[in-house]
Amino acid sequence: MLILSRKAGESLILDGGIEIKITEIYGDKVRIGIDAPPQVKVYRKELYATIQENQSAAMAAPAAAGKSFLQKMKPPEEGATPPEPPTPEKPEQ
């Protein structure tokens, strides 16, 4: 981890296209500004962790649903009679 000291109004440049500027310092808080290209997503760390957890859960849900579906679609056991197809209802006249 690189640790730098900066004063209000000073900046850092990351990867030639992302500027992090110290805009204010008051008490134990530092206000920063981030100027980055549109394709660069910027998140607070705690929000990023929540996004990652939600994506992991979303990826697991379809797999579980698919497994449940496949279990329901198992071929009938040998010797079992297949269920009767539903009969269509006749329209009333």
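Before reading further, recall that the structure is shown in the block above.
Residues numbered from 1 in each chain as written. Predicted model: local features only at pLDDT ≥ 70, side-chain atom pairs only at ≥ 80, totals over all residues. Heavy atoms only, no water.

A word on the packing of aromatic side chains. Per the stated rule, a full pass over the model turns up one aromatic pair. Residues Tyr43 and Tyr48 carry aromatic rings whose centres are separated by 5.9 Å and whose planes lie at 40 degrees to one another, so their mutual orientation is tilted. Classification of Tyr43 as partly exposed rests on a relative accessible area of 38%. Residue classification places Tyr48 among the partly exposed residues on the basis of a relative accessible area of 42%. (Phe/Tyr/Trp six-rings, centres within 6.5 Å; stacked < 30°, edge-to-face > 60°. Buried < 20%, exposed > 50% of the residue type's maximum accessible area, 1.4 Å probe, protein only.)

Our next topic: the sheet that holds strand β1 (residues 11-14). Strands pair in a sheet through their backbones, by hydrogen bonds, and they do so in one of two ways: parallel or antiparallel. Sheet architecture is open: three strands sit in the order β1-β2-β3, paired in antiparallel fashion. With one partner strand each, in any of the chains shown, β1 and β3 (29-35) form the two edges of the open sheet. The sheet shows a mean angle of 25 degrees between the axes of neighbouring strands, direction not considered. Bridge count between β1 and strand β2 (residues 18-26): four bridges; the pairing is antiparallel. When the sheet's bridge partners are listed, Leu12 is paired in β2 with Ile20. (Pairing = 2+ DSSP bridges. Helix = DSSP H or I, 4+ residues; strand = E, 2+ residues; numbered from the N terminus. Axes fitted to C-alpha atoms, helices over the stretch in contact; angles between N-to-C directions.)

This part takes up the pairing of β2. Where β1 folds back on β2, the antiparallel hairpin that results is connected by three residues, among which Asp15 adopts a positive phi of roughly 55 degrees. Of the pairings in the sheet, the one linking β2 to β3 comprises seven bridges and is antiparallel in character. Counterpart to Glu19 in the pairing with β3 is Asp35. Turn length for the β2-β3 hairpin, with the two strands adjacent in sequence and antiparallel, is two residues, and the turn residue Gly27 shows positive phi of about 65 degrees.

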